[in-house]
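Summary of the model geometry
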Amino acid sequence: MKYFYIKTLCFIAIVGIFSSSCKKGNFLDPVNLGLDTKAVFTDSVRTMQYLASIYNVLDVNIPNGRYDANSFGVPTGQLSDESVSKWSDGIFPGYVSSNTYNSAFRTQTTNNWTTHYGKIRAVNILLKEIEAGPLNIATKNRIKFEARFLRAFYYATLLKFYGGVPLVGDEVKPADTPFDILRGTYADGVNYVVSELDAIAPGLPLEYTGIDYGRITRGAALALKAKILLYAASPFFNGGGETTNPNQIGIIGYPNNDPARWQKAMDAAKAVISLNKYSLVTGPKGIGFYQLFLQRVNTEYILPLMQAPNTFIEQFGLPPSRNSGIGGTFGMLEMPTQNLVDRFTTIDGKPAVAGNPLYNPNEPYRRRDPRFYHSIIFNGAKYTNRTAGYSEVFTYFGAAEDGFVPELGTNGTKTGYFNRKMCDSTVTANGVGSNTNRVFPIIRFADIKLMYAEAANETGQPDIALQELKDIRDRAGILPGNDGNYGLPVSPTKDELRIIIQDERMVELAFENQRFWDIKRWNLGKVLINGPLTSMRVNKVGTSYTYERRSLATVRRFTVQSQLWPIPQRELDNNFNFQQNPGW
C-alpha cells in the first residue's frame, strides 16, 4: 500500500545539514517551487506540491529531531534533565546550558522565527490564490482547512518559543519585509489559534486511509487546541512570567493567574477523547508501548509526521557496539540521565527507592516498569548485535566500546545508559535488519490522556485524573495490585498527584520532544534543569557489579533568558516599540 508521506525527514547531521539521498514519499515531500504564483496555482499538481512545502516544518516537534527549524540536529531532551549527548557541550544545547548566547545561537533562534513566519506567509498566499485554480470546490476546501491548521500549528509553536508574536492575519507581505506591526499579547495568540481550530475542525474528516493517510484530521485540530490551552493554563503562561518591564506584561503570558483556564484545557482534551476514534495500543506485558512506535498506522497517533522506512532513531541513539552513527559522529545524541531512570517505578507502580521491597539498589534494573526495558539500554541489557544475534550491552567502566566514559566527545556512555525508546530491537544502525516502518508522533493519544489527567487534577477532580493514570499504567504492563490502583495512592492531595502526573509524563513521553517544554510551562526550570544531572557508573568486580551515582560534568543553567527565546534583532531595529523578551 502506498501512503501519504507528509515529509520524509532525511538523516540530520549535528551541523543541521540534510542528506539528499533519502528515499522520498509520494505526495507531500518538500519541493523547490521557483515559480510565480500564477504558474503554481493554475496547475493542480503544483498546487498540491505547494501545500506539501508548507507541511515541511512540522518536524520542529518531532522526537529525536531538531530543536528548531534550520537548527543544529539536536533533540530538546539535551536542554532538560532527560538526556545528554556525546557532543552536548559543543553545540546548541551547550550554548543554552552555559548561557553562551553567541552569534551561532542568535542565528539559530532567528532562523526559527524566519522559517515559521515564512510558512505562515506561504499559507496566506495559498488562501489568496487557490480560488482561481482548477481544483474542484471540495478539494479546495480541504486544502484550505489543512493550510489553516498548519498556520495555527506554526503560530502555536511560535507562542511557546517567544510568547506573544505579531499576528498577520491573511495579509501577504514581501518575503523580506520586517514587521510593521507590534507583538500581540499572549492571549491574542491563543485566542487566534483556538478560533482557527474551532472554525476548521468540523470541516475536517475523522480519518484518512490509503494514499491520503497522514493528512490533517479533525482529531489533529482538536488535539492541537487541547495542547495550546494546556500551555495557556500552565503556571508560566498563566500569570507566572518574570518581568520588571510593564510593557512585557501580557506579552510573555497572561498578566494574572486564572484557574478557570484549566477547565478549558480539560474540556478540550475531553473533546478529543469523546471522538471515540483513538485508543492506546495494547499488548501483553506492555508490548503495545514498544510496538506502537514501529507502526505506520495505529489507533494512538493523532498527529504523526510521516516517514519513509528508516533507521533514524537507531542511528541517533544506539551504542557504538551497534554502530550508532556509523563511527559515532552522529550517534549517541540521546544518552538517558539517571534523573530519567529514577522516574521509572518498579513493576508494582511504586517508586524505585529504598523501602520498596521490589527495589534492590544492588540490582537496580530488576522488576522495573516494563517501559523501562523498552526505553533504556542499561548494563546487561540484550540487543541485536552486528551479526544479527542478541547479546548483552556492557556499560560498566572499562567495558569495550560501550563502557562508562565521562569525557566529552568519546565513544561509550557518559551516563551509564543508551536510548532504546522507539528503536526496533531487531535493527542496528549498521544495516542489520531492515529499515523500520515508522512514523514520528507529534501528538498521540497517551499525551491527550495525560493532559486530561493534569487538567482534571488542577480543577479538583482527582478521580478522573487517577483513572487516566491507571489506563496508562495498565497499558505499560504495570501490575494492578490487590487494590487495582497500579501503585497509585488512594487519596492523594493535589500537590502529590501533580508530581505523579509530571513523573508519568517524563516516563511515558521520554524522547518525544515533550520534557523540555513541560518543564518550561510548569515554571520548574530553575528546579529541574538547574538541579544536578546524574549518571550511573557501573563497576565490575569479578563477576558482579557495583553501582555508583555520580554528578555529570554537563551543568545546565536555567535563567529568565531560558524561558523565552530572543526576538530577532532585525525586528527590534525596524521598530523601537517592538518589545524584546525578558533578560535579552
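The structure reproduced in this document is the subject of the present report. Remember, predicted model here, so these are calculated numbers, not experimental data.

Although it is not a glycine, Phe-511 sits at a positive phi angle of roughly 65°. Secondary-structure assignment places Phe-511 in the loop between α16 (494–508) and α17 (515–521). Of note in the backbone geometry, Asn-523 takes a positive phi value of approximately 60° without being a glycine.

It is worth spelling out the environment of Tyr-290 at this point. With respect to the helices and strands, the residue Tyr-290 is situated in helix α9 (residues 287–291). Taking the C-alpha atoms as reference points, Tyr-290 and Met-422, separated by 132 residues in sequence, lie 6.9 Å from one another. Discounting chain neighbours no more than four positions away, the residues touching Tyr-290 are His-374, Cys-423, Asp-424 and Ser-425.

Over its 16 residues, helix α7 (residues 218–233) extends 23 Å from the first C-alpha to the last, a length consistent with the 22 Å expected when each residue adds 1.5 Å. For α7, the tally of buried residues reaches 15 of 16 residues, placing the bulk of the element in the interior.

Direction vectors running N to C along helix α6 (residues 186–200) and α7 enclose 160°, while the axes themselves pass 9 Å from each other. With respect to their mutual orientation, α6 and α7 come out roughly antiparallel. Like other packed secondary-structure pairs, α6 and α7 cross with a definite hand, here left-handed. Residues Tyr-186, Val-190, Val-193, Val-194, Leu-197 and Asp-198 of α6 pack against Ala-221, Leu-224, Lys-225, Ile-228, Leu-229, Tyr-231 and Ala-232 of α7. Split by residue class, the contact of α6 with α7 holds 11 nonpolar, no polar and 2 charged.

Attention shifts here to the pattern of salt bridges. Scanning the entire structure with this criterion turns up 38 salt bridges. Among the ionic pairs, Glu-512 bridges to Arg-444, the shortest N-O distance being 2.7 Å. Linking Glu-512 in the loop between α16 and α17 with Arg-444 in strand β8 (residues 440–444), this pair joins segments that are 68 residues apart in sequence. Close ionic contact of Arg-498 with Asp-495 constitutes a salt bridge, the shortest N to O distance being 2.8 Å. Of this pair, Arg-498 and Asp-495 both sit in helix α16, 3 residues apart, which is roughly one turn of the helix. Accessibility expressed as a relative area gives 26% for Arg-498, which makes it partly exposed. Looking at Asp-495, the relative accessible area reads 49%, which means it is partly exposed. A network of salt bridges, in which partner residues are shared, links Glu-300, Asp-369, Arg-371, Lys-421, Arg-444, Arg-473, Arg-475, Glu-504, Glu-508 and Glu-512.

Turning to the side chain of Arg-322, a few remarks are in order. Structurally, the position occupied by Arg-322 is in the loop between α10 (312–317) and α11 (325–328). Within the local environment of Arg-322, its side chain forms a polar contact with the side chain of Ser-321, the two groups lying 2.7 Å apart. Within the structure, Arg-322 has its side chain in polar contact with the side chain of Ser-391 (distance 2.9 Å). Not counting chain neighbours up to four residues away, the residues in contact with Arg-322 comprise Tyr-383, Thr-384, Asn-385, Ser-391, Glu-392, Val-393, Asp-402, Thr-428, Ala-429 and Asn-430.

All right, on to the nonpolar core then. With 144 residues, the main nonpolar core has Leu-126, Phe-149, Tyr-155, Val-190, Val-193 and Ile-448 as its most contacted residues. With 13 residues, helix α5 (residues 137–162) is the single largest residue contributor to this core. Ignoring sequence-local partners within four residues, the contact set of Tyr-155 consists of Tyr-117, Ile-120, Val-165, Pro-166, Leu-167, Val-168, Gly-169, Tyr-192 and Val-193.

Within the secondary structure layout, Asn-575 lies in the segment after α20 (569–574). Here Asn-577 takes part through its backbone nitrogen, which lies 2.9 Å from a polar atom of the side chain of Asn-575.

Let us look at the packing of α5 against α6. Viewed as axis vectors pointing N to C, α5 and α6 meet at an angle of 155°, and their least axial separation amounts to 9 Å. Considering the angle they form, α5 stands roughly antiparallel to α6. The handedness of the crossing between α5 and α6 is left-handed. On α6, the residues that touch Phe-145, Arg-148, Phe-149, Arg-151, Ala-152, Tyr-155, Ala-156 and Leu-159 of α5 are Tyr-186, Gly-189, Val-190, Tyr-192, Val-193, Glu-196, Leu-197, Ala-199 and Ile-200. Residue composition of the contact of α5 with α6, by class: 13 nonpolar, 1 polar and 3 charged.

Definitions and limits used
- What you see as residue numbers is a count from 1 along each chain, following the sequence as written.
- In keeping with the predicted nature of the model, local features appear solely for residues at pLDDT of at least 70, side-chain atom pairs appear and are counted solely at 80 or more, and the whole-chain, interface and lining totals rest on all residues.
- To obtain the side-chain values, all non-hydrogen atoms of the structure were included, while hydrogens and water were left out.
- Secondary structure elements follow DSSP: runs of H or I of four or more residues count as helices, runs of E of two or more count as strands, with numbering from the N terminus.
- Any two residues having at least one pair of non-hydrogen atoms within 4.5 Å are treated as being in contact.
- A helix is expected to reach a length of 1.5 Å times the quantity of its residues less one.
- Buried means the residue's accessible area, taken with a 1.4 Å probe over protein chains only, is under 20% of the maximum for its type, while exposed means over 50%, and partly exposed covers the values in between.
- To get an axis, a line is fitted to the C-alpha atoms, and for a helix only the part in contact is used. The angle between two axes follows their N-to-C directions and goes from 0 to 180 degrees.
- Any angle between 65 and 115 degrees counts as roughly perpendicular, while under 35 counts as roughly parallel, over 145 as roughly antiparallel, and the rest as oblique.
- Helix crossings get a hand from a simple test, with the near helix turned counterclockwise from the far one by less than a right angle marking a left-handed crossing and a clockwise turn marking a right-handed one.
- Throughout this entry, Asp, Glu, Lys and Arg are counted as charged residues, while Ala, Val, Leu, Ile, Met, Phe, Trp, Tyr, Cys and Pro are counted as nonpolar. The remaining residues, Gly among them, count as polar.
- Here, a salt bridge means any Lys or Arg side-chain nitrogen found within 4 Å of an Asp or Glu carboxyl oxygen.
- In the analysis that follows, any N or O atom pair within 3.5 Å is treated as a polar contact, provided that within protein one partner can donate a hydrogen and the other can accept it, and provided that, for residues neighboring in sequence, both atoms belong to side chains.
- By nonpolar core we mean a set of buried residues, namely Ala, Val, Leu, Ile, Met, Phe, Trp, Tyr and Cys, connected to one another through side-chain atoms within 4.5 Å.

None of this, on its own, says anything about what the molecule does.
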